[in-house]
2 protein chains.
Amino acid sequence: MPSPRFDDQMIFQVAFITHDIEKTKTWMAEFFDMPVPETVVTDPLSKSEAEYKGKPTEARGKLAFFNFGNTTLELIEPDNEPSCWREFLDRNGPGFHHFAFKVKGMKAKTATFEKDGYPLLQKGEFVGGRYAYFDTESQLGALIELLEFDKERAA
Amino acid sequence: MPSPRFDDQMIFQVAFITHDIEKTKTWMAEFFDMPVPETVVTDPLSKSEAEYKGKPTEARGKLAFFNFGNTTLELIEPDNEPSCWREFLDRNGPGFHHFAFKVKGMKAKTATFEKDGYPLLQKGEFVGGRYAYFDTESQLGALIELLEFDKERAA
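Residues numbered from 1 in each chain as written. Chains lettered and ligands numbered in written order. Predicted model: local features only at pLDDT ≥ 70, side-chain atom pairs only at ≥ 80, totals over all residues. Heavy atoms only, no water.

Engineer: Help me understand the nonpolar core, please; the structure alone is not making it clear to me.
Structural biologist: A:Phe99, A:Ile144, B:Phe99 and B:Ile144 are the most contacted members of the largest nonpolar core, which has 58 residues in total. Those residues within four positions of A:Phe99 in sequence are excluded, and the remaining contacts are A:Ile11, A:Gln13, A:Val14, A:Leu140, A:Leu143, A:Ile144, A:Glu145, B:Val14, B:Phe16 and B:Leu73. (Core = buried A, V, L, I, M, F, W, Y, C linked by side-chain atoms within 4.5 Å. Buried < 20%, exposed > 50% of the residue type's maximum accessible area, 1.4 Å probe, protein only. Contact = heavy atoms within 4.5 Å.)

Following this line, the structure appears as structure tokens:
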């Protein structure tokens, strides 16, 4: 029986934090010989309903995605508002931030993570779904993100 | 035409450094609901011919592997001899260390990485193949490892 924390054992995304997404994505596209992806910006609070450590936050991130054959590499450039992205960048500098897993039933998953001692750090809505970050920093040296898509999406 | 640095765009391994592989692998197996993998130790210098920054090193690592559906998560606990594992752990603490890619023709790949400004940090032999780490720390906040297997091996 799979862990109640996850629905599968597929690492859907591997994500890095950067100070400068334009510079990093340009380097990365050349390095891996991939097209330069577009940069998208997460929604404002009125749409994202983002919360960091239990409080609404105006934080927004610039995102870019590189589709490898077996997983997706995500780049995130945070703004200066409170977020788990900004906190990580200020503390660690640029580098690896989290693994993301696709799940169904975010509310139940969140309850399970919290019950098991992995606090919800940040959550938010986006068009077509929602995300949540859990604090596995002390065990893994990185965070775990759950992603729920309302419609099925290929891995 | 693919980049001369890589043969494919599959992230073959994602690797974390830890102070205590027994503790981390036990936590991880429970967390991801996977079997606890065995710990293997890299070969001694007489077999590994390991070099770190151009000099032979007695460094050995304890390794454990978690097979996710689409990639493999590797844990590494370094000993105290000079290595890119030990250097990283001393500088950053436990956490994400590198992506590994499978390649053929390690000598030519190494020449390409070095020509392009990504120095060879560490290399070594193992039964059935060889590895090399390249310094992409300043661009990625992590290293790139190339792995060459003498016989084909499933991803």
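Engineer: Hey, could you run me through unusual backbone geometry in this one?
Structural biologist: Trans peptide bonds make up the majority, and among non-glycine residues the majority have a negative phi. At A:Asp33, a residue that is not glycine, the phi angle is positive and equals roughly 55°. According to the relative accessible area criterion, A:Asp33 is partly exposed, its value standing at 35%. Backbone geometry places B:Glu49, a non-glycine residue, at a positive phi of 50°. By the element assignment, B:Glu49 lies in the loop between α2 (45–48) and β3 (51–52). Take B:Glu49: its relative accessible area is 51%, and that puts it in the exposed class. (Helix = DSSP H or I, 4+ residues; strand = E, 2+ residues; numbered from the N terminus.)

Engineer: Explain the sheet that holds strand β2 (residues 40–41) of chain B to me, please; I cannot follow it from the model alone.
Structural biologist: Residues and elements named next belong to chain B. Strand order in the open sheet formed by 10 strands is β2-β5-β6-β1-β7-β10-β9-β8-β3-β4, with mixed pairing between adjacent strands. Edge strands, defined here as strands with exactly one partner in the open sheet, are β2 and β4 (55–56). Sheet topology note: the strand β1 (residues 13–17)/strand β6 (residues 72–78) ladder contains 5 bridges and is parallel. In the strand pairing of β6, Ala15 is matched with Glu74. (Pairing = 2+ DSSP bridges.)

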